[in-house]
Each structure stands twice: as C-alpha cells, then as structure tokens.
Amino acid sequence: MSAAPGTPAPGGGSGAAPSLLYLSRVDFESLGLTMLDVVDAVDAGCAAKGRGEVVMPPKLSLHGEGDAYAQVMAATLPGGAGLGAKWVTLFPQNAARGLPVTNGLVVLSDPATGLPAAVMDAAIVTAWRTGASVGVAARYLARRDATTVGVLGCGVQARASVRALAAVLPGLHEVRCHDAVAAAGEAFAAGLGAELPNVRFAAVAAAVDVAEGADVVVTAITMTADIRPPLGPGLLEPGALAVALDYDAAWSPAAMAACDRFFCDDVATVRATRAAGVRLAGVPAAIAGDLGELAAGRAAGRERPDERLFCLNLGMALEDVVTGELALRRAREIGAGRELPL
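None of the values given here were measured: they were computed from a predicted structure. (Residues numbered from 1 in each chain as written. Predicted model: local features only at pLDDT ≥ 70, side-chain atom pairs only at ≥ 80, totals over all residues. Heavy atoms only, no water.)

**Brief notes about the nonpolar core**
Move 1: One finds Phe 28, Val 175, Phe 188 and Phe 201 to be the most contacted residues of the largest nonpolar core, which totals 77 residues.
Move 2: No other element matches helix 4 (residues 122-141), which puts 10 residues into this core.
Move 3: The next biggest cluster of nonpolar side chains, apart from the first, holds 33 residues, and it includes Val 204, Trp 251, Ala 255 and Cys 264. (Core = buried A, V, L, I, M, F, W, Y, C linked by side-chain atoms within 4.5 Å. Buried < 20%, exposed > 50% of the residue type's maximum accessible area, 1.4 Å probe, protein only. Helix = DSSP H or I, 4+ residues; strand = E, 2+ residues; numbered from the N terminus.)

Have a look at this one:
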C-alpha cells in the first residue's frame, strides 16, 4: 500500500499506529528530485556543520577479506532537520560477480520522538550525496568560468558527480573520461552524453589524459591495497580543482602536495583515517578547511584564478541523512513508498 499524500510522521497524531516508510530504488526514481535539489540540501547540511550545529561521531569501520569493508555512519542535525544512520558495505570483488560493489541501507528516525521514520536503499542515497559533495566543493573551490571536467573511474559515483557539476557550473561543455575497462568509459560517455546534450563527452586513452585542459578533475576509481596512484604531480592545470572520491588511490602524495591548498569534506575524519594507518598516510598535514567551514564562510575558498586546489571527500553521515530526509519529504508529498507497520 502506498502512503497517502500528507501522511503524518510515524507515531504522529492521536492513536496513530507506529510505522515506517520503505523506499525502494524504483520509488527513488519516481521522486522527481534534481541533482541541484540534492546539492542545495547537502550544502545547507555542510553549513550547519560548519556552524557547529551537527553531531556526527567518527565512522565505525569493519575491514574484511579482499579489501572489503563495512561502515556505520550516523548524524543528527539541528531543528529536527534529520536524525539517522547508514549501514554500507563495499566489496570490490563483487564487480567480478556481476553484483554492485557498494550496498547498504539508510535508516531515519523521527527527530521529535525517536520512532523509526524510514528505511531506504543506501546505494542511491550514497550516489546522490557523493555527487552532491562534488558540486558543493566546486561551488566554493572551482573557477566560475570552468568549462571542462576530467573524470577518472566511470562508475555510479562519477555519473552523479558529473550531474552535480553540470548543475553548478553553467559553462560546462566538455567532459573527458577514462576507465580501466574501456567499455565502461565508452558507456559512461554515451549515457551521460544523451542525458546532457549540451556537453561533449569523450573517452580518452590513458588515465593521465583526463587532466589535460580540465578545470575540474574528479577521481572515483576502485580502491585496493595494491593500487599504485596513476596521477602524479604536474598534471593538474593552473587554476584547476581536483576532487578525490577514492581516498588516496588515484593521486600520489607528491601530486597532492604540489597543490596550492588542500581541502577535505571533514577534517576530523581525514585525520582519524590517517592516524588509523590504513590509508591517507601521504596526504598533506596542512588542511586549509573542509566543506562545512567553506559553506559556513569560516574558511576561504578560491582566492586566485590560477590556484591549484585539491579536495578530498571521504563521505559524511550528514550528507546521507539530509539526502534521505529530502527523499522522505518528497515521498510523503507525492505518496511514494510503502508504509510498513512496526
């Protein structure tokens, strides 16, 4: 049974039976949300974090065999804006099995009562919010006249990133992409080319080629313990922004150090990850600010048109929660999803 428009929050109203709303992947497709909607929501969440209004403990990571790992990420936002957590797994070996590499669930609770409010597919939420984080980074760190984007790794996160960049960079007209699997790069270019007809897409032959002439470079390759970063110093153009969604897998320590300033999505998470000793040992010690500080106006964004800037986005629970809340609100407005009794 679909929820009727105007369905009250679980537990709301006199005598209301507690329930939660389940949103499937098909339900997400019916919501009609734009990537700009998600970018704006994530931007607002980052600003709240930058003002010190968000409670977001460090991620709990569980490492398994074959570079597989799982994480629990939780956050609460001010004024009843969101309370929830994500359980996500990343199994690189799934690619060879024909299964999604990233899977999980987002669970939201009613901030006023603590009752379960919704459960939804985390793969779509993760893709949307990850792309949106690239859009937020570009708002504060990319040149306003940026026209060309380079993409290394042509998976789901890269697609969402290009959609977000198209939403925040009005002059975007070219995307250069590369994937270790040539067919993936070609499918990426063909699929997004049809979706964004005003943007020219071209699959390039080598990883280093994506940075040539690019104003923004997004990397989203699969992280494995034995990977050697394919991108070194001297590749990023003057005035370009690099946004890494793949930890330190794509860019060498020397390449990151060669940038004028280094940013991230959350300083505490980067420092905790580096201290754990599994990844990020080579990232710069000096961090100019994070997305929360940028969005709240507490860190300076791009200062010169020729600055080479780097932003490392590891992913934040607040992004999952605000994106989930955005989807939940829209679902209730249009009657999407399925109400499940508790």
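Moving on from the coordinates now.
**As for helix 2 (residues 35-50)**
Move 1: The end-to-end C-alpha distance of helix 2, which contains 16 residues, comes to 22 Å, matching closely the 22 Å that a straight helix rising 1.5 Å per residue would cover.
Move 2: The buried count for helix 2 comes to 12 of 16 residues, which makes it a mostly enclosed element.
Move 3: Buried residues of helix 2: Met 35, Val 38, Val 39, Ala 41, Val 42, Asp 43, Gly 45, Cys 46, Ala 47, Ala 48, Lys 49 and Gly 50, and no others.
Move 4: Looking at the buried residues of helix 2, the elements they touch are strand 3 (69-77), helix 4, helix 5 (156-168), strand 13 (289-290), helix 9 (291-295) and helix 10 (317-334).
Move 5: After helix 2 finishes, the residue Gly 52 shows a positive phi value of roughly 80°. (Expected span 1.5 Å × (residues − 1). Contact = heavy atoms within 4.5 Å.)

**Focus: the sheet that holds strand 4 (residues 82-90)**
Move 1: With mixed pairing, seven strands are arranged side by side in an open sheet as 2-3-4-5-6-1-15. Since the sheet does not close on itself, it has two edges, and those belong to strand 2 (60-63) and strand 15 (338-341), each with one partner. When strand polarity is set aside, the average angle formed by the axes of neighbouring strands in this sheet is 15°.
Move 2: Pairing between strand 5 (residues 102-109) and strand 6 (residues 116-121): five bridges, direction antiparallel. Within strand 6, the position partnered with Leu 105 by the bridge is Asp 121. (Pairing = 2+ DSSP bridges. Axes fitted to C-alpha atoms, helices over the stretch in contact; angles between N-to-C directions.)

**A word on the confidence of the model for the protein chain**
Move 1: A residue-level look at the protein chain finds 95% of positions with pLDDT of 70 or above and a mean pLDDT of 92.
Move 2: Counted against residues more than four places away or in other chains, residues 1-14, with its pLDDT under 50, gives 33 contacts. (pLDDT = per-residue confidence, 0-100.)

**Digging into the packing of helix 4 against helix 5**
Move 1: At a minimum axis distance of 7 Å, the contact between helix 4 and helix 5 shows a crossing angle of 40°. By the criterion of interaxial angle, the relationship of helix 4 to helix 5 is oblique. As helix 4 runs across helix 5, the sense of the crossing is right-handed. Residues Thr 126, Ala 127, Thr 130, Gly 131, Ala 132, Val 134, Gly 135, Ala 138 and Arg 139 of helix 4 form the contact with helix 5, whose own contacting residues are Val 156, Gln 157, Ala 160, Ser 161, Ala 164, Leu 165 and Val 168.
Move 2: In terms of residue class, the contact of helix 4 with helix 5 is made up of nine nonpolar, six polar and one charged. (Parallel < 35°, antiparallel > 145°, perpendicular 65-115°, else oblique. Left-handed = near helix turned anticlockwise from the far one by under 90°. Nonpolar A, V, L, I, M, F, W, Y, C, P; charged D, E, K, R; others polar.)

**Brief notes about the side chain of Thr 148**
Move 1: Relative to the elements of secondary structure, Thr 148 occurs in strand 7 (residues 148-152).
Move 2: Under the relative-accessibility criterion, Thr 148 is labelled buried at 8%.
Move 3: With residues near it in sequence (within four places) discarded, Thr 148 still touches Leu 172, Glu 174, Arg 176, Gly 213, Ala 214, Asp 215 and Val 216.

**Thoughts on the state of the cysteines**
Move 1: Here the structure, examined in full by the defined rule, presents zero disulfides.
Move 2: With no disulfide of its own, Cys 46 lies 9.5 Å from the sulfur of Cys 311, the closest cysteine sulfur.
Move 3: Residue Cys 259 stays outside any disulfide, its sulfur separated by 11 Å from that of Cys 311, the closest cysteine.
Move 4: Overall, the relative accessible area of 11% leaves Cys 259 in the buried class. (Disulfide = S-S within 2.5 Å.)

**Quick look at the pairing of strand 4**
Move 1: Both strand 3 and strand 4 contribute to a ladder of nine bridges, which runs antiparallel. Bridge pairing in strand 4 places Thr 76 opposite Leu 83.
Move 2: From the end of strand 3 to the start of strand 4, which pair antiparallel, there are four residues, and Gly 79 there has a positive phi angle of about 65°.
Move 3: Here seven bridges tie strand 4 to strand 5, and the two strands are oriented antiparallel to one another. By the bridge assignment, Ala 85 is partnered in strand 5 with Val 107.

**A short note on the sheet that holds strand 8 (residues 174-178)**
Move 1: Within the open sheet, the eight strands sit side by side as 9-8-7-10-11-14-12-13. Their pairing is parallel. Taken across any chain shown, the strands that pair with only one partner, and hence form the sheet edges, are strand 9 (200-203) and strand 13.
Move 2: With two bridges joining them, strand 12 (residues 261-264) and strand 13 adopt parallel strand pairing. Considered in strand 13, the bridge of Cys 264 is made with Asp 290.

**Notes on the packing of aromatic side chains**
Move 1: Applying the stated criterion to the full structure yields four aromatic pairs.
Move 2: Plain terms: the ring middles of Phe 28 and Trp 128 are 5.3 Å apart, the flat faces sit at 75° to each other, and that makes the pair edge-to-face. Here Trp 128 lies in helix 4 and Phe 28 lies in helix 1 (residues 25-29), a separation of 100 residues in the sequence. Accessibility assignment for this pair places Phe 28 and Trp 128 in one class, buried.
Move 3: Where Phe 262 meets Phe 310, the ring centres are 5.4 Å apart and the plane angle is 10°; that geometry is what we call stacked. A residue pair is termed long-range when its members are at least 10 positions apart, and Phe 262 in strand 12 and Phe 310 in strand 14 (residues 309-312) qualify at 48 residues. Across the pair, exposure class does not vary: Phe 262 and Phe 310 are buried alike.
Move 4: By way of ring pairs, the aromatic residues Trp 251, Phe 262 and Phe 310 are connected into one cluster. (Phe/Tyr/Trp six-rings, centres within 6.5 Å; stacked < 30°, edge-to-face > 60°.)

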